[in-house]
Amino acid sequence: MTFSMKRVFNLARLFVISQKRTILVAAGAVYASLMAIFFLGMLTHNGWGTGAEYNQVFFSLALVLAGFIATSLSFSSMHRADRSYAYLTLPASHLEKFVEKLLLTAVVYPVVAVITYVLYSVILAGLSPLLFDQPFSVFNPFDAMTPETLRTYVVASSVFLFGAAYFRSRHFIKTALSIAGVFILLGLVAGASGFAALTDLVESVEAGVYDQTAATGEQMRALGLLAARVARIGRFAVLWIMPPVMWVLTWLKLRETEVSDAVR
């Protein structure tokens, strides 16, 4: 079967049609919660200032939480016994099913989130002067922080998309715990490295072979350059290497899972 964007579009349309009610209810719940927070702040904390901080904080929060939960459920039908057969028999290849979920979670969802939040902020900008006699700014999607927020979401969502394919249940919780475990492990490694370096320093001082006047400046500069280099390499790896790797692993896991389920 050759790859077809038409089949990818049909898969996405089928998903939207079948999940329309769930999507609308979830979106309504998110914006109702944000509206409640807005009114609570206006009534108890003398407003939200110009509204710029409110928009940036709660747009980022809603984008990340709702997006990660939705992404982690991307392949839930494939893992459920009562729905796996219908999913397996969809007239599309493994790659087309993967591309459809990738486009929905990493492209369509962020765009829709920005558009709907702009409309939501327009409503707040109209209600605030009317009900509370305070101005409220409309959300600016071209604000300096917004592209960075969207990029961070796309990068992190690649991990949750892999978790959706890898874990058979409780996808969001297991993926979040796995990410936390990785950070804890990295923290332990960094702590152990720092402790080893400190131990060597203490031993040098005790042995009387540590020349502070000669070592301090050069060592501090060397450590600073090394830390900056490691940070640049780490940032590049996270932003540009990790997402494609996660997407490839997701596709491979999707293909493996579909084959094993079909055999059973």
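Our subject is the structure listed above.
Counting from 1, residues in each chain are numbered in the order their sequence is written. In keeping with the predicted nature of the model, local features appear solely for residues at pLDDT of at least 70, side-chain atom pairs appear and are counted solely at 80 or more, and the whole-chain, interface and lining totals rest on all residues. In computing side-chain values, all of the structure's heavy atoms are included and hydrogens and water are not.

Student: So what's going on with a nonpolar patch on the surface? Which residues, and what values?
Tutor: On the surface, a nonpolar cluster with roughly 830 Å² of combined accessible area is contributed by Phe3, Met5, Leu95, Leu103, Val107, Val108, Val111, Val112, Ile115 and Leu119. What counts as a helix is a DSSP run of H or I of at least four residues, what counts as a strand is a run of E of at least two, and both are numbered from the N terminus. For the nonpolar patch, the element with the highest residue contribution is helix 6 (residues 94-132), accounting for eight residues. Mapping Met5 onto the fold places it in helix 1 (residues 5-18). Burial classes follow relative accessibility: with a 1.4 Å probe on protein chains only, a residue under 20% of its type's maximum area counts as buried, one over 50% as exposed, and anything between as partly exposed. A relative accessible area of 46% places Met5 in the partly exposed class. Each patch groups residues whose relative accessible area exceeds 30% and which form no salt bridge, using 9 Å between like charges and 5 Å between nonpolar side chains of Val, Leu, Ile, Met, Phe, Trp and Tyr. Computed with a 1.4 Å probe, the accessible areas rest on the Shrake-Rupley method; for each residue, only the protein chains presented here act as cover. Throughout this description, the term salt bridge denotes a Lys or Arg side-chain nitrogen within 4 Å of a carboxyl oxygen of Asp or Glu.

Student: I'd like to hear about the nonpolar core, residue by residue, with values.
Tutor: The tendency in soluble globular proteins is for nonpolar side chains to be buried as a group. What is meant by a nonpolar core is a set of buried Ala, Val, Leu, Ile, Met, Phe, Trp, Tyr and Cys residues, joined one to another through side-chain atoms within 4.5 Å. Counting residues in each nonpolar core, the largest one holds 21 residues, and the members touching the most others are Leu34, Phe38, Tyr54, Phe59, Tyr117, Tyr120 and Leu124. Elements represented by at least two residues in this core include exactly helix 2 (20-44), helix 3 (52-72), helix 6 and helix 7 (145-166). Those residues in contact with Tyr54 that lie beyond four places of it in its chain are Leu34, Met35, Ile37, Phe38, Trp48, Phe59, Tyr117, Tyr120, Leu124 and Phe136. Counting twelve residues, the second largest nonpolar core, distinct from the first, contains Leu102, Ala106, Leu161 and Leu254. Throughout, a residue-residue contact means that at least one pair of heavy atoms, one from each residue, lies within 4.5 Å.

Student: With reference to specific residues and values, describe the side chain of Ser121.
Tutor: As for its position among the elements, Ser121 is in helix 6. Ignoring sequence-local partners within four residues, the contact set of Ser121 consists of Asn55, Phe136, Val138 and Phe139.

Student: Please provide a residue-by-residue account of the packing of helix 6 against helix 7, values included.
Tutor: Two numbers describe a pair of packed helices, the interaxial angle and the distance between the axes. In contact at an axis separation of 11 Å, helix 6 and helix 7 are set at 150° when each is read in the N-to-C sense. Considering their axes alone, helix 6 and helix 7 lie roughly antiparallel with respect to each other. For the pair helix 6 and helix 7, the sense of crossing is right-handed. Residue-level inspection shows Phe98, Lys101, Leu102, Thr105, Ala106, Tyr109, Pro110 and Val114 of helix 6 in contact with helix 7, the latter providing Leu150, Tyr153, Val154 and Leu161. Taken together, the residues of the contact of helix 6 with helix 7 break down into ten nonpolar, one polar and one charged. Here the axes come from fitting lines to C-alpha atoms, over the contacting stretch only for helices, and the angles between their N-to-C directions go from 0 to 180 degrees. When an angle is under 35 degrees it counts as roughly parallel; over 145 it counts as roughly antiparallel; between 65 and 115 it counts as roughly perpendicular; any other value is oblique. The handedness criterion is simple: a crossing whose near helix is rotated anticlockwise from the far helix by less than a right angle is left-handed, and one whose near helix is rotated clockwise is right-handed. When residue character is reported, Ala, Val, Leu, Ile, Met, Phe, Trp, Tyr, Cys and Pro are called nonpolar, Asp, Glu, Lys and Arg charged, and the others, Gly included, polar.

Student: Residue-level account of helix 1, with values.
Tutor: Helix span, expected: 1.5 Å multiplied by one less than the number of residues in the helix. Between its first and last C-alpha, helix 1 extends 20 Å over 14 residues, near the 20 Å set by a 1.5 Å rise per residue. Among all positions in helix 1, only Val8, Leu11 and Ala12 are buried. One side of helix 1 carries all its buried residues, which in axial view fall inside an arc of 95°. Opposite its buried face, helix 1 presents the exposed residues Lys6, Phe9 and Ile17, each directed more than 90 degrees away. Looking at the buried residues of helix 1, the elements they touch are helix 6. Polar contact is defined as a pair of N or O atoms within 3.5 Å, subject to the rule that within protein one atom must be able to donate a hydrogen and the other to accept it, and that residues adjacent in sequence are counted only when both atoms are side-chain atoms. For helix 1, the N-terminal capping position is held by Ser4, with its side-chain oxygen 3.3 Å away from the main-chain nitrogen of Lys6. Throughout, the arc means that of the directions going from the helix axis to the C-beta atoms.

Student: Tell me about helix 3, and please be specific about residues and values.
Tutor: With 21 residues, helix 3 should reach 30 Å at 1.5 Å per residue; the first-to-last C-alpha distance of 30 Å fits that figure. Buried within helix 3 we find Tyr54, Asn55, Gln56, Phe58, Phe59, Ser60, Ala62, Leu63, Gly67, Phe68, Thr71 and Ser72.

Student: Help me get a handle on the layout of surface pockets, residues and values and all.
Tutor: Put simply, the grid is 1 Å and covers the protein atoms alone, a cavity is a trapped set of points that fit a 1.4 Å probe, a pocket is an open set with protein on both sides within 12 Å along at least five of seven lines, and lining residues have an atom within 4 Å of a point. Grid points are joined across faces, edges and corners, and a volume is the space filled by probe spheres set on the points. In this structure, the largest pocket occupies an estimated 1600 Å³ of space. The wall of the largest pocket is formed by 48 residues, among which Phe15, Thr22, Ile23, Ala26 and Ala70 lie closest to the centre. Elements with a contribution of two residues or more to the lining of the largest pocket: helix 1, helix 2, helix 3, helix 4 (76-79), helix 5 (84-88) and helix 6. Residue composition of the lining of the largest pocket, grouped by class: 32 nonpolar, ten polar and six charged. Within this model, the second largest pocket holds a volume of roughly 480 Å³. Put simply, the parts of the chain that give the lining of the second largest pocket at least two residues each are helix 7, helix 8 (171-207) and helix 9 (212-263). Among the residues forming the lining of the second largest pocket, the class breakdown is 15 nonpolar, four polar and one charged.

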